[in-house]
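# Chain and residue survey
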Amino acid sequence: MSTPRPFFYATGPSAKTGGTLVGAALLLGVGLFCPLQAVWGAEHTHHARQAGATSAHKKKHASQQGTPSPDTLPNARPPAHGKVGHSVLQAQAAVEAARAQHLAMEQEKKRQAEAIEASRLKNEAAQAAAMQARNQALALSAATVAATSQLHDTEQQISDLSERINAIRDEQRNLQNALRTSAQALAPILPLAERLSLYPSDTLLAAPVPQGEAVTGFLILRGLSRQMEVQAQGMRTQQARLSAVDADLSAQYATLAGLKQNQRQQRDTVRQQAARARITQQQASKLAQNTAQQLLAATQRASSLQDAIARLDALEDTARAALQREIAAAEQAHQAERVRAARQQEATLSQNQGPGLAEHSTGTSSQPVAGKLVSGWGVASDSGPTTGMTYRTPPGASVRAPCSGSVDFAGAFRSYGQMVILNCGRHYRFVLAGLSELSVDTAQSLTKGAPVGHMSAAGSSATLFIQLRNGQKTVNPAPFL
């Protein structure tokens, strides 16, 4: 009697069934393989026993009839069984379903990867475009500095010349008043002086008087004549000075007219350049627009300037804290793309807020507006020490940015009129209030010396209030101007 071979060496349908089940077990895992193997083993043992008994019977019958047994026939196949075939079909269906699900998952992962890559490329392109637009806006802002500086110099010359003209006018009025007073004082004596100059003897002898009185009267007339001569000489000097003042005043008016012509041209140039920088900044990125809306909302809800600065500081701190949380969460999740994007936003936030302020020597050439300082920082007033500096400016004077940075607020605010809050970085902010027209928008990036607006052109002068704050504290702005 031959030793039976293991089940995985069997041939025919049973062997194919075993091979299919083994492959299904390998694909579906141990959980699917073990039940199938138990079913297959039980059925295989039962069929083997029946096949052995049938084979022995057929061999005996064949030996008696002379017919070959089925085992001796070539390609002999054992009969198929319904249970095994059903299990095989279930395994094949499970394998195909698992394979289809695996392919679907791979395709979905591929689509997600492609979508993420496309989103990343789109985001990088948008960031690059926004950065390019922002750099272009900064370049345009820097280009306005030269024109604004020339306009500032012209306006300062006009302011100085206007003061000189006012001083000349005052001198002219004083000379005219002095000449008028002298003429009124000499008016009663002029007829007598004229008669003495024409007929001295007849005038002295017109009335008979004692000799002593006549000599006294002569001496008096002589002294009076000398006094009149001195007064006349002074009047002639005053008249000559008045003529020189009139000529100087005419020349100053001609110079003033030329300066005002240059001022109009330079002002038009500055406004055109500022408008281009403003439009470019508005088109820089939607992020800047969202930031502008947040800043405006935070400032407009404020009840006072101090409250507005506090809200802006809180908004800045909240944005930084949110970025730090995003970086920490992305690092824990090992998402390099999120970390890179968050750090880029953090760098942009820091870059937009400027480097802060550095002290330098004060000078009128660097003041943000043409005109004259009328009130310094910390001067005693009815409401306590002043918290800023006040300038009296010429009509329509341009106002320049006292530092590089970004605009936290631009618009009307409470009783301050048109106001600009310029974020210089490191929690330093300049407040410029009292403007009539603005040349910047909220969230716009500026370079130092760029135009931010103009003073009122109505009236003989206007006043600009400048305040510097570091957080909630006011700081003397003079060392930074």
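Attention here is on the structure that accompanies the text. (Residues numbered from 1 in each chain as written. Predicted model: local features only at pLDDT ≥ 70, side-chain atom pairs only at ≥ 80, totals over all residues. Heavy atoms only, no water.)

## Some words on unusual backbone geometry
Backbone geometry at Arg426 places phi at a positive 55°, although glycine is not the residue there. Among the structural elements, Arg426 can be located in the loop between strand S5 (418-425) and strand S6 (428-435). What makes Arg426 exposed here is its relative accessible area of 62%. Backbone geometry places His427, a non-glycine residue, at a positive phi of 65°. Tracing the chain through its elements places His427 in the loop between S5 and S6. (Helix = DSSP H or I, 4+ residues; strand = E, 2+ residues; numbered from the N terminus. Buried < 20%, exposed > 50% of the residue type's maximum accessible area, 1.4 Å probe, protein only.)

## Description of the pairing of S6
The element S6 is extensively covered by neighbouring structure, given that six of its eight residues are classed as buried. One ladder, built from seven bridges, connects S5 with S6; its direction is antiparallel. The partner of Leu422 across the bridge, within S6, is Phe430. Linking S5 back to S6 in an antiparallel pair, the connection comprises two residues, with Arg426 at a positive phi of about 55°. As defined by bridge partners, S6 adjoins strand S10 (residues 462-470) across six bridges and the pair is classed as antiparallel. Along S10, the bridge assignment pairs Arg429 with Arg469. (Pairing = 2+ DSSP bridges.)

## A short note on the pattern of salt bridges
Inspection of the entire model under this criterion finds 10 salt bridges. A salt bridge links Asp170 to Arg173; its shortest N-O distance comes to 2.1 Å. Pair noted here: Asp170 and Arg173 are both in helix H3 (residues 82-186), with a separation of three residues, about one helical turn. Asp170 gets classed as partly exposed once you look at its relative accessible area, which sits at 36%. A relative accessible area of 43% means that Arg173 is categorised as partly exposed. Residue Arg429 pairs with Asp313 through a salt bridge whose shortest N-O separation is 2.6 Å. Residue Arg429 is located in strand S6, and its partner Asp313 is located in helix H8 (residues 305-332); the two are separated by 116 residues in the primary sequence. This pair shows no difference in class: Arg429 is buried, exactly as Asp313 is. A cluster of three or more residues bridged by salt bridges with shared partners is formed by Asp313, Glu316, Asp408 and Arg429. (Salt bridge = Lys/Arg side-chain N within 4 Å of Asp/Glu carboxyl O.)

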